[in-house]
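Overview (structure and organization)
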Amino acid sequence: MSASPFVKPSFFTARVVNPVVGFLAGRIGLGLKGSQVLSVQGRKSGEWHRIPVNPLTVDGRRYLVAPRGETEWVRNIRVSRAGRLTVGGKTADVRVVEVPDHEKPPILRAYLREWAWEVKRFFGGLGAEASEAELAPVAARYPVFRILPEP
């Protein structure tokens, strides 16, 4: 997968919104439209880092999409290929595999269908109505991971 730019969250998002959403989803189970907390072990420090994410199900498969691009959680999960998803105080260990760019357009379209109100600004104005021809050239900017079924 090619490197993609990273859209850094604002101070307000990083210090207020993410902690509030993380608390509501992770501890209480009140995630916005199914948001959860992803915990990923640092590739260098070994410490666990938590970030709210919006898992997505498409055709019976679950995915994690990184609308901000090459985030730290993306870099960490690429190394570990594993993490934890928490909602309502219940945590599940997950394994992931990165999705190749040519498979991303329908996943990105479904993600935009669910989350455009929150993430459309990261997609250069593209929305759920975007065609394959519009999504294919930008797919490399958005890391996508398939959550593997439990063995």
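Below you will find a few notes about this structure. (Residues numbered from 1 in each chain as written. Predicted model: local features only at pLDDT ≥ 70, side-chain atom pairs only at ≥ 80, totals over all residues. Heavy atoms only, no water.)

Inside soluble globular proteins, nonpolar side chains tend to come together where they are buried. By size, the foremost hydrophobic cluster in this structure holds 21 residues, and its most contacted members are Ile 107, Leu 108, Tyr 111, Val 119, Phe 123 and Val 144. When residues of this core are traced back to their parent elements, those giving at least two are strand S3 (56-58), strand S4 (61-65) and helix H3 (104-119). Here this core gets seven residues from one element, more than from any other, and that element is H3. When residues no more than four places from it in sequence are discounted, the contact partners of Val 119 are Pro 67, Tyr 111 and Leu 112. Formed by 13 residues, the second largest nonpolar core is a distinct cluster that contains Leu 38, Val 53, Leu 64 and Phe 145. (Core = buried A, V, L, I, M, F, W, Y, C linked by side-chain atoms within 4.5 Å. Buried < 20%, exposed > 50% of the residue type's maximum accessible area, 1.4 Å probe, protein only. Helix = DSSP H or I, 4+ residues; strand = E, 2+ residues; numbered from the N terminus. Contact = heavy atoms within 4.5 Å.)

Moving on: the pairing of strand S1 (residues 36-41). Consecutive side chains along a regular strand alternate between the two faces of the sheet. By the criterion of burial, S1 is predominantly enclosed, with five of the six residues buried. Pairing geometry for S1 and strand S2 (residues 48-53), over six bridges, is antiparallel. When the bridges of S2 are listed, Ser 39 appears paired with Arg 50. Linking S1 back to S2 in an antiparallel pair, the connection comprises six residues, with Gly 46 at a positive phi of about 80°. (Pairing = 2+ DSSP bridges.)

Attention now moves to the sheet that holds S3. Taken together, the seven strands give an open sheet; going across it, the order is S2-S1-S5-S6-S7-S4-S3, and neighbouring strands pair in antiparallel fashion. Every interior strand has two partners, whereas the edge strands, S2 and S3, have only one. The average undirected angle you get between the axes of adjacent strands in this sheet is 40°. Relative to strand S7 (residues 144-147), S4 runs antiparallel, the two sharing four bridges. Bridge assignment links Leu 64 to a residue of S7, and that residue is Phe 145. Of the strands in this sheet, S1, S2, S4, strand S5 (82-87), strand S6 (90-98) and S7 are in contact with helix H2 (residues 72-80), which crosses S1 at around 60°. In the packing of H3 onto the sheet, the strands contacted are S3, S4 and S7, and the crossing angle to S3 comes to about 125°. (Axes fitted to C-alpha atoms, helices over the stretch in contact; angles between N-to-C directions.)

Let us look at the pattern of salt bridges. Oppositely charged side chains are able to pair whenever their charged atoms sit close together. For the structure shown, the criterion picks out eight salt bridges. The partner of Arg 78 in a salt bridge is Glu 70, and the shortest N-O contact between them spans 2.3 Å. Lys 104 serves as the salt-bridge partner of Asp 101, at 2.8 Å between the closest nitrogen and oxygen. (Salt bridge = Lys/Arg side-chain N within 4 Å of Asp/Glu carboxyl O.)

Aromatic rings considered in pairs are described by the distance between their centres and by the relative angle of their planes. Applying the stated criterion to the full structure yields three aromatic pairs. Where Phe 123 meets Tyr 142, the ring centres are 4.1 Å apart and the plane angle is 20°; that geometry is what we call stacked. Note that Phe 123 is positioned in the loop between H3 and helix H4 (132-135) and Tyr 142 in the loop between H4 and S7, a separation of 19 residues in sequence. Since its relative accessible area comes to 4%, Tyr 142 is described here as buried. (Phe/Tyr/Trp six-rings, centres within 6.5 Å; stacked < 30°, edge-to-face > 60°.)

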